[in-house]
Amino acid sequence: MILLDDRKLRILAAVVDEYIRTGEPVGSKAIAALPDIRVSSATIRNDMAMLEQLGFLEQPHTSAGRIPTYSGYKLYIETLMPRRSLTDDEKAMLDNALGDDYSSEEALIDNATRALAEITDCAAVVSNCAPQFSVIAKVDAVPTGKHMYVLLMITSSGSIQNKVCRLELDLTHEQLAFFNEYMTKNLSGMSVDSLSDETLERLAEAMGAYTVTLSPLMKGIRELAKGFMQSDVHVSGEKNLLKRNDIEADDVIKFFEQKNEFSKLLDDSFSELKVLFGEDGGFVIGNSSMIVSPIKKGKRTAGSLGLIGPLRLDYAKVIPYIEYMTDRISELLSEDSESFPPALETKDDGQKG
């Protein structure tokens, strides 16, 4: 790790603070004018040149001042950024923005993402992994037309997936009753993440004479389980990014078109708050950053809430907002589960099989 003396660290912090405040490259005279920087402009220029060589600052134009690099921002956030507590007024503002509709987890999360996007003028993202940790409460096949059946899978948390399956022949009443009873007996109480291909193959083989006839439904059940295993990503405030002139609209559009593919970026934050930059793998919006913080339900991770904004973001102000919001959501989710009968996300994809 590169060790910087206290003076260089203070100068780097001052450059980051000034650039966040003004949006203009920062020169040595601007730093020398600050009350807590008590050295000459010449010394500051030398230190800024050294910080540039080390990769923490860059000079966009030969005659211009300097701006922070990704590495400079990372060091600032991890080590130099002032840590502040929210005031009572700020907490009240966030609580009011969160609203009082706690009738469902979905309503709570929707309120949180919309509020965070509106307050920060950025885009808010939420990833939900709760269904994959749930257990199966019910599996049903319901006839809907000639050779057509809808498979329903409901978890203990209230999440629902459905899939339309087409069979070659209509099932008899006996076959349909057997399937539903067999699924109830063998799948109820099983965790979604343990419903593997091997498990379903064993169950199919154990159906004996019904195996061939009911195999399309067994395949459908596996696809429903895979659906629960995927973290869902929802976004609020995309327009806040599209209207900015310091972020490429094409990058934003590309990113959100592939939002289910970048869910791993959100999942990786399940242990602690993280800040990702445009250079980080999978995060393709240039000149931007993503702050992600985990949401807990009891002792388990229920998802993550994050914010995507410009690189020149007031991190010292915004990060406490995100931490407070995720802590508040986690607190509400961890209360009596009867207060939240539906899951964090209810899915009804109506897939064709």
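For the structure, see preceding data.
Residues numbered from 1 in each chain as written. Predicted model: local features only at pLDDT ≥ 70, side-chain atom pairs only at ≥ 80, totals over all residues. Heavy atoms only, no water.

A. Focus on the overall build of the protein chain. What the protein chain contains, in helices and strands, is 13 helices and eleven strands. For the protein chain, with 353 residues in total, the buried portion stands at 48%. Counted over contacts in the protein chain with a minimum sequence separation of 6, partners at least 24 positions apart contribute 65%. Total accessible area on the protein chain is roughly 17400 Å²; 49% of this is exposed by carbon and sulfur atoms. (Helix = DSSP H or I, 4+ residues; strand = E, 2+ residues; numbered from the N terminus. Buried < 20%, exposed > 50% of the residue type's maximum accessible area, 1.4 Å probe, protein only. Contact = heavy atoms within 4.5 Å. Areas by Shrake-Rupley, 256 points an atom, 1.4 Å probe, with all protein chains shown as cover.)

B. Structural context of the nonpolar core. Residues L12, Y73, I291, I295, Y315, M325 and I329 are the most contacted members of the largest nonpolar core, which totals 57 residues. With eleven residues, helix α13 (residues 315–334) is the largest single contributor of residues to this core. Counting 28 residues, the second largest nonpolar core, distinct from the first, contains M153, L195, L224 and A225. (Core = buried A, V, L, I, M, F, W, Y, C linked by side-chain atoms within 4.5 Å.)

C. Inspection of the side chain of D47 at higher detail. Positionally, D47 belongs in helix α3 (residues 41–53). Residue D47 is classed as buried on the basis of its relative accessible area, which comes to 3%. Once you skip the residues sitting within four places of it in the chain, D47 turns out to touch R7, K8 and I11.

D. Highlighting the packing of aromatic side chains. Tallying each qualifying case throughout the model produces six aromatic pairs. Each ring, one from F178 and one from Y210, has its centre 4.1 Å from the other, and the planes form 15°; the classification is stacked. With F178 in helix α7 (residues 173–187) and Y210 in the loop between α8 (197–205) and α9 (211–229), the pair connects residues that are 32 residues apart, well separated along the chain. Residue F178 is classed as partly exposed on the basis of its relative accessible area of 24%. Among the aromatic side chains, those forming a connected cluster through ring pairs are Y70, Y73, F277 and Y315. (Phe/Tyr/Trp six-rings, centres within 6.5 Å; stacked < 30°, edge-to-face > 60°.)

E. Representation of the environment of P60 in the model. With respect to the element layout, P60 can be found in the loop between β1 (57–58) and β2 (67–68). Take P60: its relative accessible area is 37%, and that puts it in the partly exposed class. C-alpha of P60 to C-alpha of P25: the two residues are 35 residues apart in sequence and 7.8 Å apart in space. Among residues more than four places away in sequence, those in contact with P60 are P25, G65 and I67.

F. Representation of α3 in the model. If you check α3, its first and last C-alpha atoms are 18 Å apart, about what 13 residues at 1.5 Å a residue would give, namely 18 Å. Check the buried side of α3 and you find it contacts α1 (6–22), α2 (28–32) and β1. Phi for G55, located one or two positions after α3, is positive at around 90°. (Expected span 1.5 Å × (residues − 1).)

G. Highlighting the side chain of K163. Tracing the backbone shows K163 in strand β6 (residues 160–166). A polar side-chain atom of K163 sits 2.8 Å from a polar atom in the side chain of E223. (Polar contact = N/O pair within 3.5 Å; in protein donor to acceptor, adjacent residues only side chain to side chain.)

H. A look at helix α11 (residues 249–257). Considered for burial, the residues of α11 that qualify are V252, F255 and F256. Around the axis of α11, the buried residues are gathered within 90° of arc, so they sit on the same side. Exposed residues pointing more than 90 degrees away from the buried face of α11 are listed as D250 and E257. (Arc of directions from axis to C-beta.)

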